[in-house]
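# Structure at a glance
Below are the chains, spelled out letter by letter.
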Amino acid sequence: MSSSKHSSTQAIFQDVDHDPVTSALPNGDIPYTDHAMDADERVIVALGYKQEFKREFSLWTTFCVSFAVLGLLPSFASTLYYGMGYAGTAGMVWGWIIAMLFIQCVAMSMAELCSAMPTSGGLYYAAAVLAPPGYGPFAAWLTGWSNWIGQITAAPSVDYALSAMILAAASISNPDYVPTSWQKFLLTTLVMILHTFISSMPTKWVAQFNSYGSTFNMIALVVVIIAIPAGTKNEPKFTPSKEVWGNITNMTDFPDGVAVLMTFVGVIWTMSGYDSPFHLSEECSNANIASPRAIVMTSGVGGLMGWFLQLVVAYTVLDIEAVIDSDLGQPWASYLLQVMPRKTAMAILGLTIVCGFSMGQGCMVAASRVTYAYARDDCFPLSRIWKKVNDTTQTPVNAVILNTVLGILMCLLMLAGDVAIGALFSIGAIAQFVAFAIPIAIRVFFVGNRFRKGPWHLGPFGPAIGGIGVFFVLLMIPILCLPSVRGENLTPDQMNWTCLVWGAPMLAVTVWWVVDARKWFKGPKINVEHAIHGVEVIVNVGVEVEDQPSESEEDGQVSTGKPSK
C-alpha cells in the first residue's frame, strides 16, 4: 500500500462492522478519513469508495429516473410486435401477468442486494463480494460486462423506436411519405446527441428533468388507459373476454405454450429499468433504504400499470395481422389508427413520443453511471478517461460521450434491416437478465450466512424468492434466443440473432479473461484509505502514515463487512 498524507490532526476510522453493508474491503481492514461523515458517506466509505457525487436524488427522483427508464407507454409501443405478434391477445394478458410474478422475485432480490451494497457498481460489486473465495473477480467480470452490454443497448433501442414513431406520425400526416433506413438512423443519432447534452448536466438538473419526464410518463399512461376504451370508434367497442383470454393467435412455428413464453421478451425488456436505482445509489440520499424501495416501487407500479395497458389493447384490437404487417412499420401507430379516430390516434401517438424521449434520457443517465463505475475499477481500455468526473457538472461526462458513440455505431444495424436492429431489444433483455441473475444466484446458493443484510431485506424469505427468480432467468435465456419460425421457414432475415450479437461479445470477454484479464483484474478497486482493524492511529499534519496490507488483502479476498477482532 502506498503511504499518504492527511490534512487533519486525527484520522477518523469508519468501522464497517457498525454499518449494515457487505463490503469488498479485505477482512480486518477498516477505512479512515480526515473529516466527519454523514450516514450516507459512512456507508459508501464502508464499501471502500470515496464520496464523489453530490447526493441530490431523493426516493422520489430516483424512482422517477427508473420509471422513466421503464417508460411503460413507449416500451409497450416499441415491443407490441413481440407480445401481440407471437401469441395474440391471450399471450399479451397471460404472458404479462405470469412474467411479472417472476420478475417481482428478481426485483425484490436485487433490492435486498442494493440495501446491503448501495454503490453505482451495483450487481457487479455484489457478484465480486459474494462469490466464493477465488471466484470473485471472474463473477464480477461476467456480471459487469453483461450488465454493461445491456445498459449501452438500452438508449439506442429506445431512441430507434422513438424515431420510428416520429416518422410513422409523418407518414400518417403525409401518406405519400415512406421513411427510409437512413432517415431513421439520422433521426436516432440526433435524439441520442440531445440525450447526451442533458445527461451531462449537473446532477440536480438531471434529477429535475427526469422528475418532470417521469411525471409526464405516468400522467400520459393513465390518459391513454382511459382514452382508448372511451374513444374507440369500433362497434362493438370490446372483444368478448372469452376470445381475449382464451384464443391464442399463434403466429410462430412453435407450440402455443412456447409462443406465450416468447411474448415474455416484451415484458422483460419493458421491465428491465428497475435496476436504475442501484446504479444511482451514490447520488441518492438515505441510499441503503431509498434505493431498494425505488427498485420495488418501480417493478410493482410498473408491472400493475403495464398490465392495465395490455388489457386495454387486448380488448380493443380488431385485426392483429393488420397491426403487425402495416406499411407504417410501427405496430403501435397501426393499432391506434385501427381503433381510434385519426386525430385522437395522432394525439396519443404524440404523447407516446414525448414519453419515449424521457425514457431514452433515463436510459442514457443509468448507462453512464454503470460505465463510470466499471471504469473506476479499470474494466475498460482507457478507463482513466471514462472514469473522470467533470469538475464543473460533477457528472461522468466522458462516460456519457462514450456510450453515445457506441450507441450510434450500434444503430447502424438498422441499415441491415428490421430483424438486425430488432436484436437490440432481445440483447437488452437477455444481457440484463443474466447480469441480474449471477449475484442473486451466488447469494442464494453459495453465500449462506456470509451475506450481511442491509436495513431493507426480505427476512427468511430472501433465499426462496431469489431462487425462484434465478429459475425464471434460466428458463428464459434459451426462449429469448428463439426465432419465430423454424425448419424450412427459417431464413437469415427471419433468424433471431440475439445468441450471436450478445453471445459473441460475452465469448470474447471470457477469452480475454482466460488469456489476460485474470492476471490484472481483481474486482472492485478500493479507493479509500484503509488500515487493519483495531490499530489506533493519531495522524499529525504533514506526517506520512504507511498502510500495511492485511494477509487477506494480499490474497485478493473480499470481506462481508465483519472485520476480524
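Only a predicted model underlies this, so the values are computations on that prediction, with no experimental measurement involved. (Residues numbered from 1 in each chain as written. Predicted model: local features only at pLDDT ≥ 70, side-chain atom pairs only at ≥ 80, totals over all residues. Heavy atoms only, no water.)

### Some thoughts on the overall build of the protein chain
Helix and strand content of the protein chain: 21 helices and three strands. The buried share among the 565 residues of the protein chain stands at 60%. If you take every contact in the protein chain between residues at least 6 apart in sequence, the share linking residues at least 24 apart comes to 83%. Element-wise, carbon and sulfur atoms account for 64% of the exposed surface of the protein chain, whose accessible area totals about 21,500 Å². (Helix = DSSP H or I, 4+ residues; strand = E, 2+ residues; numbered from the N terminus. Buried < 20%, exposed > 50% of the residue type's maximum accessible area, 1.4 Å probe, protein only. Contact = heavy atoms within 4.5 Å. Areas by Shrake-Rupley, 256 points an atom, 1.4 Å probe, with all protein chains shown as cover.)

### Comments concerning the environment of Asn288
Turning to its location among the elements, Asn288 is positioned in helix H12 (residues 287-316). The exposure class assigned to Asn288 is buried, which follows from its relative accessible area of 9%. The spatial distance from the C-alpha of Asn288 to the C-alpha of Gly454 is 6.9 Å, given a sequence separation of 166 residues.

### Overview of the packing of H12 against helix H14 (residues 331-339)
Where H12 contacts H14, the axes come no closer than 11 Å and their chain directions differ by 55°. Put simply, H12 runs oblique to H14. Once H12 is placed against H14, the crossing between them reads as left-handed. Contacts from Val312, Val313 and Thr316 in H12 reach Trp332, Tyr335 and Val339 in H14. In the contact of H12 with H14, the residues fall into five nonpolar, one polar and no charged. (Axes fitted to C-alpha atoms, helices over the stretch in contact; angles between N-to-C directions. Parallel < 35°, antiparallel > 145°, perpendicular 65-115°, else oblique. Left-handed = near helix turned anticlockwise from the far one by under 90°. Nonpolar A, V, L, I, M, F, W, Y, C, P; charged D, E, K, R; others polar.)

### Considerations on the nonpolar core
One finds Ile103, Met117, Tyr274, Trp332 and Tyr335 to be the most contacted residues of the largest nonpolar core, which totals 165 residues. The element that contributes the greatest number of residues to this core is helix H3 (residues 72-116), accounting for 23 residues. Contacts of Tyr335, omitting those with residues within four sequence positions, involve Leu80, Ile228, Val312, Val313, Thr316, Val317 and Val323. (Core = buried A, V, L, I, M, F, W, Y, C linked by side-chain atoms within 4.5 Å.)

### What to know about the pattern of salt bridges
What the rule picks out here adds up to four salt bridges. A salt bridge links Asp378 to Lys387, with the shortest nitrogen-to-oxygen separation between them at 3.4 Å. According to the relative accessible area criterion, Asp378 is partly exposed, its value standing at 24%. (Salt bridge = Lys/Arg side-chain N within 4 Å of Asp/Glu carboxyl O.)

### Regarding unusual backbone geometry
The omega angle of the peptide bond from Glu235 to Pro236 is -5°, so this bond is cis rather than trans. The residue Pro236 is located in the loop between helix H7 (203-231) and helix H8 (241-246) in this model. Of note, the phi angle at Asn286 is positive, near 55°, even though the residue is not glycine. With respect to the helices and strands, Asn286 occurs in the loop between helix H11 (276-279) and H12. On the basis of relative accessibility, which here comes to 40%, the residue Asn286 falls in the partly exposed class. If you check the backbone angles, Leu382 has positive phi at about 60° while not being a glycine.

### So, the packing of aromatic side chains
Going through the model one piece at a time under the given rule, you end up with 32 aromatic pairs. Relative to Trp307, the ring of Trp245 lies with its centre 6.3 Å away and its plane at 75°, an arrangement referred to as edge-to-face. With a gap of 62 residues between them, Trp245 in helix H8 and Trp307 in helix H12 connect regions that are remote in the sequence. What makes Trp307 buried here is its relative accessible area of 18%. Arranged with centres 5.4 Å apart and planes meeting at 45°, the rings of Tyr274 and Phe436 form a pair that is tilted. (Phe/Tyr/Trp six-rings, centres within 6.5 Å; stacked < 30°, edge-to-face > 60°.)

### Here's the deal with H3
Taking 1.5 Å of rise per residue, 45 residues should cover 66 Å, yet H3 covers just 28 Å from first to last C-alpha, more than 12% shy of that figure. Taking the largest bend as the criterion, H3 deviates by roughly 125°, centred on Ala87. The buried count for H3 comes to 38 of 45 residues, which makes it a mostly enclosed element. (Expected span 1.5 Å × (residues − 1). Bend = angle between axes of the 7 residues up to and from the residue.)

### Digging into the environment of Ile430
Along the chain, the position of Ile430 falls in helix H18 (residues 418-447). Note on Ile430: relative accessible area 0%, which makes it buried. With 43 residues separating them in the primary sequence, Ile430 and Val473 have C-alpha atoms 8.7 Å apart. Among all residues touching Ile430, those that are not within four sequence positions of it are Ile477, Leu480, Cys481, Thr498 and Trp502.

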